[in-house]
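# Chain and residue survey
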Amino acid sequence: MNMPKTRQLRLVLGDQLTRGLASLTDLDPAQDVVLMVEVAAEAQYVPHHKQKIAFLLSAMRHFAETLRAEGITVDYVPLDDPANSHSFGGELARAVARHAPSGIVLTEPGEWRVWQMMQGWAEALSLPVEIRADDRFFCTRGDFATLTKARKTGRMEFFYREMRRRTGILMQGQVPQGGQWNFDADNRKPLPRGLRPPARVRFAPDAITRSVLDLVATRFGHHFGDLEPFGWAVTRDAALQALDHFIATCLPRFGDYQDAMKAGEDFLFHSLISPYLNCGLLTAREVCARAEAAFQAGAVPINAAEGFIRQILGWREFVRGIYWTEMPAYAQSNHLNAQRDLPGFYWTGDTPMRCMAECIGTTRRTAYAHHIQRLMITGNFALLAGVAPAQIEDWYLAVYADAFEWVELPNVHGMVMHADGGRLGSKPYAASGAYINRMSDYCTGCAFDPKQKLGARACPFNYLYWNFLIENEATLARNPRMALPYRTLAKMPADQRQAIIHASAQFLAGQAGWSPPAQLRLNDGW
Ligand SMILES: Cc1cc2nc3c(=O)[nH]c(=O)nc-3n(C[C@H](O)[C@H](O)[C@H](O)COP(=O)(O)OP(=O)(O)OC[C@H]3O[C@@H](n4cnc5c(N)ncnc54)[C@H](O)[C@@H]3O)c2cc1C
Ligand code: SF4
């Protein structure tokens, strides 16, 4: 005889909006209750972009509706419920009182901070709490740790090859499709004049999204970024539509122009799916499968399919593995001892450096910037300027719709700031104005000249680049991958070195320090 099942409470977090989530697969609609809560603390621990908050709240509300349509009981606590305690622990305790469950079932969270919180719930609630592994990733946290021990994941490239072998994606037996693991060398073309990227599908807000937009305008109107126009997909169906449109219209050229930048073109040939992947509307497996199918059908060249799949199967999984194996110490390191304040123009875009103004402008308007803008413009500047890692990390966490700490932190702390001493990348991605001039059209019409090294019109990236090498000589000069620039630096006359140091000090002193405009400060008071 089957024992009657007892009621379980299934907590679903805002980045767990996947029907196949580990903690939802065996849900019993006759007994179990899904709990979803909108917690103010999560919306304001950094001044998140208004579109990011609206996207997540609307996607959560739509997900709850989808579950209800299946006959599942969803206990949904909205942000403006007067009884909302605005903490996960507080809301769980209230829900336990309402539903008297025999236990709580969860899927592991994306953030170490929330993971820590969860460890105390069983004792605090006097109930069994089952935390299941998040199997939406190709590599579990345990798997990654094992691979690290076996020294198979020291560098992303080797980890990625291992993941290709394990999954069989873009493989012919043991051999990579196209005869190479990586086609990155083909993927560094600037955008040719006259090539216009296709318009992107955007989604008109429905009634649920409209009410969320009103809520965000009222409660978070002082946060960073424009709230409207709002065109993000907030349902799985719409996210799938956006994915299909990307694969049909952009993926064929994704590889070629992956590193290109162009003023006025916010998206180029990028997929714009990171918010959907990170909150669970799409899964990494289905995205890779669709890209691979387009390649197998002959619609997409190998450099595009491989380049795109590497970002998801390689980078996305790798940074997650680093995050979970290295936290919490990871966030504390500061290998280059960078201490400067984040310039205020990161929040306003008010700077004569056109590349920075363009990227920050895109970010304000869309809650999006593509990878090279993040890495080689706003990231590169923060690295060269020696900004304190925690300050630039807070900025990235706040301003992008896809920003969750597990993916943001390794990208900023490791890839951009080299604050982890090279755990993520073997050298800092430092570059002068010449790189930006080659890969973009930003320098045309800029107040500065990328060809001038010193003087009033010299591109700040030029002297800041050499100043960065000088300031970090003791730490970086022995890095074999930095040998070339350090050989050039060694030949530099002493007076030129001094002039670089002086120009950099003057320029950096002239940038407003970290002072988030008053309206961005985190004293919402509600
Ligand atoms: C400083 C910095 C901060 C970043 N912060 C985030 C973040 O908070 N959240 C986030 O999802 N990505 C982050 N990234 C990675 C990457 O820039 C974004 O994933 C990408 O720009 C999202 O746009 P897209 O969907 O159009 O990506 P595409 O260029 O179309 O790439 C496809 C997918 O690959 C994945 N991907 C690509 N590069 C990376 C990477 N380096 N790490 C992890 N996944 C990757 C994303 O899921 C992305 O959707 C950051 C990168 C840098 C350099
Ligand atoms: S000249 Fe320098 S500051 Fe101006 S857009 Fe080019 S790289 Fe940026």
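Cut-offs applied
- Residues numbered from 1 in each chain as written.
- Chains lettered and ligands numbered in written order.
- Predicted model: local features only at pLDDT ≥ 70, side-chain atom pairs only at ≥ 80, totals over all residues.
- Heavy atoms only, no water.
- Buried < 20%, exposed > 50% of the residue type's maximum accessible area, 1.4 Å probe, protein only.
- Helix = DSSP H or I, 4+ residues; strand = E, 2+ residues; numbered from the N terminus.
- Pairing = 2+ DSSP bridges.
- Near = heavy atom within 4 Å.
- Polar contact = N/O pair within 3.5 Å; in protein donor to acceptor, adjacent residues only side chain to side chain.
- Areas by Shrake-Rupley, 256 points an atom, 1.4 Å probe, with all protein chains shown as cover.
- Nonpolar A, V, L, I, M, F, W, Y, C, P; charged D, E, K, R; others polar.
- Core = buried A, V, L, I, M, F, W, Y, C linked by side-chain atoms within 4.5 Å.
- Contact = heavy atoms within 4.5 Å.
- Axes fitted to C-alpha atoms, helices over the stretch in contact; angles between N-to-C directions.
- 1 Å grid on protein atoms, 1.4 Å probe; cavity = no way out; pocket = protein on both sides within 12 Å on 5 of 7 lines; lining within 4 Å.
- Points joined across faces, edges and corners; volume = space filled by probe spheres on them.
- pLDDT = per-residue confidence, 0-100.
- Salt bridge = Lys/Arg side-chain N within 4 Å of Asp/Glu carboxyl O.
- Expected span 1.5 Å × (residues − 1).

The two faces of strand 1 (residues 8-11) match: Gln-8 and Arg-10 on one face and Leu-9 and Leu-11 on the other face are all buried. Two elements, strand 1 and strand 4 (residues 103-107), share three bridges in a ladder whose sense is parallel. Bridge pairing in strand 4 links Leu-9 to Ile-104. Relative to strand 2 (residues 33-37), strand 1 is paired through three bridges, and the arrangement is parallel.

Once that is clear, we can look at the site of ligand 1. Neighbouring residues of ligand 1: 30 residues in total, closest His-270, Ser-271, Leu-272, Asn-278 and Tyr-368. In the model, an oxygen atom of ligand 1 is placed 2.7 Å from a nitrogen or oxygen of the Leu-272 main chain. Contact distances for ligand 1 include 3.1 Å between an oxygen atom and a backbone N or O atom of Ile-273. Burial of ligand 1 by the protein amounts to 99% of the accessible area it has alone, namely 810 Å². Those elements giving two or more residues to the shell around ligand 1 turn out to be helix 11 (274-279), helix 13 (302-326), helix 16 (371-385) and helix 18 (405-416).

Right, let's get into the site of ligand 2. The environment of ligand 2 is made up of Met-353, Cys-355, Gly-433, Ile-436, Tyr-442, Cys-443, Cys-446, Phe-448, Pro-450 and Cys-459. For the shell around ligand 2, the class distribution of residues is nine nonpolar, one polar and no charged.

For the rest of this paragraph, the subject is the nonpolar core. Residues Met-36, Tyr-276, Met-356, Phe-381, Ile-392 and Trp-395 are the most contacted members of the largest nonpolar core, which totals 165 residues. Examining the composition of this core, we find that 12 residues originate from one element, helix 13, more than from any other. When near neighbours in sequence (up to four residues on either side) are disregarded, Ile-392 contacts Leu-342, Tyr-346, Ala-382, Val-387, Val-412 and Met-417.

Glancing now at the sheet that holds strand 1. In spatial order, the strands read 3-2-1-4-5; together these five strands make up an open sheet with parallel pairing. Both outer strands of the open sheet, strand 3 (73-77) and strand 5 (129-132), are each paired with one neighbouring strand and no more. The sheet shows a mean angle of 25° between the axes of neighbouring strands, direction not considered. Along the sheet face, helix 2 (residues 50-69) touches strand 2 and strand 3 and points at about 155° away from the line of strand 3. In the packing of helix 3 (residues 88-99) onto the sheet, the strands contacted are strand 1, strand 2, strand 3 and strand 4, and the crossing angle to strand 2 comes to about 150°.

Here the structure, examined in full by the defined rule, presents five cavities of 30 Å³ or more. In terms of lining, the largest cavity is formed by 26 residues, of which the most central are Gly-14, Glu-42, Ala-43, Leu-56 and Phe-404. Counting only elements with at least two residues in the lining of the largest cavity, the list comes to helix 1 (40-44), helix 2 and helix 4 (112-119). Examining the composition of the lining of the largest cavity, we find that five residues originate from one element, helix 2, more than from any other.

Our focus in this paragraph is the confidence of the model for the protein chain. Mean pLDDT over the protein chain stands at 93; residues scoring 70 or higher make up 96%. In this model residues 514-526 is a low-confidence stretch, pLDDT under 50, and it forms 31 contacts with partners more than four residues away in sequence or in other chains.

What follows deals with the pattern of salt bridges. The final tally for this structure, using the stated rule, is 33 salt bridges. Here Arg-113 ties to Glu-42 by a salt bridge, and the two come within 2.8 Å at their closest N and O atoms. Of the two residues, Arg-113 is situated in helix 4 and Glu-42 in helix 1; the sequence distance between them amounts to 71 residues. We classify Arg-113 as partly exposed; its relative accessible area is 29%. Note that Arg-165 and Glu-162 form a salt bridge whose closest N and O atoms lie 3.5 Å from each other. Here the residue Arg-165 and the residue Glu-162 both occupy positions in helix 7 (residues 156-167), the gap between them amounting to three residues, near one helical turn. The class of Glu-162 is buried, set by a relative accessible area of 14%. Look at the salt bridges and you will find they share partners, linking Arg-10, Asp-26, Asp-32, Glu-130 and Arg-132 into a network.

Here the focus is the layout of surface pockets. Unoccupied space between atoms shows up once a probe the size of one water molecule is rolled over them. What the second largest pocket holds in volume is close to 220 Å³. Taken together, Pro-190, Leu-191, Pro-192, Arg-193, Gly-194, Leu-195, Met-261, Lys-262, Arg-438, Met-439, Ser-440 and Asp-441 make up the full set of residues lining the second largest pocket. Grouping the amino acids of the lining of the second largest pocket by side-chain chemistry returns six nonpolar, two polar and four charged.

The end-to-end C-alpha distance of helix 12 (residues 284-296), which contains 13 residues, comes to 18 Å, matching closely the 18 Å that a straight helix rising 1.5 Å per residue would cover. Along helix 12, the positions that sit buried rather than exposed are Ala-284, Glu-286, Val-287, Cys-288, Ala-291, Glu-292, Ala-294 and Phe-295. Packing partners of the buried residues in helix 12 comprise helix 9 (236-249), helix 10 (251-254), helix 11 and helix 13. Gly-298 sits one or two positions beyond helix 12 and adopts a positive phi of about 80°.

Let us now look at the pairing of strand 2. With five of five residues buried, strand 2 lies mostly within the body of the structure. Residues Val-33, Leu-35 and Val-37 of strand 2 are buried on one face, and the alternating residues Val-34 and Met-36, pointing to the opposite face, are buried as well. The pairing of strand 2 with strand 3 spans five bridges and is parallel. Bridging from a neighbouring strand, Met-36 pairs with Tyr-76 of strand 3.

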